[in-house]
Amino acid sequence: MSYTTRHLFILWLSIMNSGNLYSNEINNSALAEYDLIPKRINAITISGNIVVSTSAIESKIPYKKNDIFKASKSNALIKTLFNLGYFRNIKVMTEPVSDSLINIIIIVEEKNKVENIIYTGNKHLTADEIEKKIHISEIKSIDPEELPNLEEQLKKLYIEKSYHNATITSSLVQTAENRVNLEFCIEEGEKSLIKRVFFTGNKTIPSRKLRTLIFTREDWILGFFDKAGSYQPDAIEYDKHVIENFYQSNGFLTAHVTDALVETDPCNKHFTVTFVIEEGDIYAINSVTANGTDVMPSEHVVARIPIKPGHVYSKEMVRTTMEALRLMWGEFGYIYADVQPNIKPNVATKTVDLEFITDLGNKINVNRINIIGNKKTRDKVIRREFIVNEGEMLTSFAMEESKRRVELLGYFDQKNGVNWKISRINEKEADLDLILKEVKTGKLFGQIGFGGLDDIKSPSQSFKFGGGIQDTNLLGTGISYNANGTYSFQDSTLSASIATPWLFNRPIRAGIDVNHRDTIYDDFKNVNTTPAERTTGFVGNLGLKVPRLYYSVVLWDGGWDKIRYKSPILAVVGPQEQAFQPGVQKIIDNAFIPGNLAWIGLSSVQDLRNHPTFPTSGHQWIVNTKVGIPHNAPGNFGFFKFDADIKYFTPLIDVYNLVLYMHGHVGLIAQLGKHEVPYRELYHIGGIATVRGFEFGQIGPQLAVPNNDMLQTSSLGGKKAFWLNLELQFPITPDMGLRGVFFYDGGAGWDVPNGNTLDPLLLRNNHFSYRHSIGLGVRLLYPTPVRIDWGFKLDRKKKRGESASEIHFTAIQEF
């Protein structure tokens, strides 16, 4: 074989290799033989390209003029050019110039370049919707052979829209040499919906129950919300498994969906779906056994299994038991424990013997813990939350508790933002990767609201504006700071704070807060000037985590407040009510006392929620005590205050992301001797922070003064209070960006300070009187956080002129 012939043959093999038409063994040996005779490249020529520029092709060629030619690079050349997507055929040839020089000739055959994509007849599926799903605009060049695949993808999109009879034809319309328009002609036809869903063979479980379980549902007037009526073949297959699982989790061990019949009405093309069910018999659990170890004897293992003899057989409960046993053995270090059920049915007695067999494997020690994904948060801020450590035995409890504590920092995405990955090294060691997805912790924000804010001391019912800057993870150190201000016609505030949860690299909390507040109590009637309170103060605190109390925080704090009123507050009553003037003035003097308040406090907090902002499980409790230090300076304040607050979150139905939130608060204030209590320290029950559907202080002691045949009321505040909030939280959008709540609120406030010295004719609600409400609300996270609650009084007092409901609104704009 001559040199030139052999050389052309080698390159032909390289070309064919892009189509995998010959063996690599032959190709490699031939190329190796050629490379023994090095040749230098004299010139590279490219032909056949019309649309693609020569320079674009040259940039992908691994050869340059005067380089030594390496035949082994020809594969990479051909694959690289094919990957551009513009060519249907590529040929690489050589031409000898001399014994030491060759020319490389590259001949390409281009596909048709797509200039425009045109749709006709698409009334119910826009070009943008198509693009989001199948990205047709990314097609650079195309051949006619590729059109059927695109038609099939479009057909699937129309099926998702319930247009099962759509016909789609495509064509390439020449516009210039090697340039085409890609045109789709669509005949959508009529929408085909599921009008009826039937079940046959279901003798025990009614059809109405089965319909609630499956995706395939009958069309109804609001079907566009939940896709009811949409016929999806894949969904029907999934529904068959759902029905079988439900039966098998309710005692029907052998239940089976034998078929799902789909019939099309020849007139209107709508569908009728019939699920054919074989229920079988109900089986009960006869016995439950499990193997144990010296650490956990078998009888103790069985005691921790939720399914018991006498229960009906449940496939779901078997799975739950397997997971519970894995977690149980994981607590002893057997992270890779393998639990398998042995199900022994007895057809004659219709019972099942269950045996859970566990292969424990070895205990696993932690080799290394790697933290991945924390671009801002420093490693030490995360690691100090771990109770799982390198070199120690790995347990499921240590992993889950460490994960929960990292989630509670609030620096990471609530949904799958903190996850463990275990990488086994050998039989006794494994590496742990904590994979994180950070969220923004700093924000510059503006705020607007009405109906009160989340502050029991805020009387504002008018529009409130505000803004500020804050970060809960300053420079990734875990230090938090906050500076903000608000303004309304009723009050305004300025405050700044900074705090660290780890002082001197010890679990010691420390912080300081300075504030200035102007509060106008314009709901206080029968006065010459609206009470305008100005308070300036500071707070310092120091806390410590206590491991023996399950990492609760004990917090010592203290502060000082200067309380002033802008002008004397005098009672004003109508000419017919002059006899009430002294009594009203005494109540006003008793309520609005200026002075300086020095105080100290002790609090205990335990936070076991899974997220600080949007928790879905766990609890938080706070017990707080505060002592206003008695003194003889103006103001003469002195009191003891006790508050207990608990919040509890639990998921109800995980598949629907339903969350039950329960909140309760109890408060008590005791005057020390003849000393007084500042108006702001009293409990004013009613409003967004306590019982929604009521105004600030509407549930509690009030000054009630008749004035020209009208009764004017003002909140006085009480020394005793409690309230509770129950919420059912549910997602409205899948990403949880919009959530809804149904709520029930109730509470009471009573016992105004020095009430026994005040005219009882002027006091209302000074004794315990429980009031409650129901309502609904929405929580919008994006694009700006918005909270709206609409509460309806369940015990409205029409004779007192109470409104039927109250709306509470808060919005925060972050920048």
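A brief look at the structure comes next. (Residues numbered from 1 in each chain as written. Predicted model: local features only at pLDDT ≥ 70, side-chain atom pairs only at ≥ 80, totals over all residues. Heavy atoms only, no water.)

1. Some points on the pattern of salt bridges
Under the defined criterion, the tally for this structure stands at 34 salt bridges. Arg196 serves as the salt-bridge partner of Glu218, at 3.8 Å between the closest nitrogen and oxygen. Residue Glu218 is found in the loop between helix 7 (207-211) and helix 8 (223-226), and its partner Arg196 is found in strand 8 (residues 194-200); the two are separated by 22 residues along the sequence. The partly exposed category is assigned to Glu218, whose relative accessible area is 26%. Owing to a relative accessible area of 42%, Arg196 belongs among the partly exposed residues under this scheme. Measuring nitrogen to oxygen at the nearest pair gives 3.7 Å for the salt bridge that ties Lys240 to Glu237. Here Lys240 pairs with Glu237, and both are found in helix 9 (residues 233-248), just three residues apart, close to one helical turn. It is possible to trace a salt-bridge network through shared partners that takes in Arg692, Glu727, Asp745, Arg779, Arg787 and Asp789. (Salt bridge = Lys/Arg side-chain N within 4 Å of Asp/Glu carboxyl O. Helix = DSSP H or I, 4+ residues; strand = E, 2+ residues; numbered from the N terminus. Buried < 20%, exposed > 50% of the residue type's maximum accessible area, 1.4 Å probe, protein only.)

2. A closer look at unusual backbone geometry
Backbone geometry at Asn66 places phi at a positive 80°, although glycine is not the residue there. Within the element layout of this structure, Asn66 appears in the loop between helix 3 (54-58) and helix 4 (74-83). Phi at Lys350 takes a positive value of approximately 55°, unusual for a residue other than glycine. The class for Lys350 is partly exposed, based on a relative accessible area of 24%.

3. With respect to the sheet that holds strand 11 (residues 284-290)
Here three strands make up an open sheet; going across it, the order is 11-13-12 and the pairing mixed. Pairing within the sheet leaves two strands with one partner each, and these edge strands are strand 11 and strand 12 (338-346). On average, adjacent strands in this sheet sit at an angle of 20° to one another, irrespective of strand direction. In terms of strand pairing, strand 12 meets strand 13 (residues 351-359) through nine bridges, oriented antiparallel. Within the sheet, the bridge partner assigned to Pro345 lies in strand 13 and is Val352. Together, strand 12 and strand 13 form the strand contacts of helix 11 (residues 315-330), whose direction differs from that of strand 13 by roughly 25°. (Pairing = 2+ DSSP bridges. Axes fitted to C-alpha atoms, helices over the stretch in contact; angles between N-to-C directions. Contact = heavy atoms within 4.5 Å.)

4. Thoughts on the pairing of strand 16 (residues 429-436)
Burial within strand 16 is extensive, with six of its eight residues counted as buried. As judged from the six bridges shared by strand 14 (residues 365-372) and strand 16, these two strands associate in the parallel manner. In the sheet register, Ile372 faces strand 16, and the bridge partner there is Ile435. As paired strands, strand 15 (residues 418-424) and strand 16 are joined by seven bridges and run antiparallel to one another. Within the sheet, the bridge partner assigned to Lys421 lies in strand 16 and is Asp433. The hairpin formed by strand 15 and strand 16 contains four residues between the paired strands.

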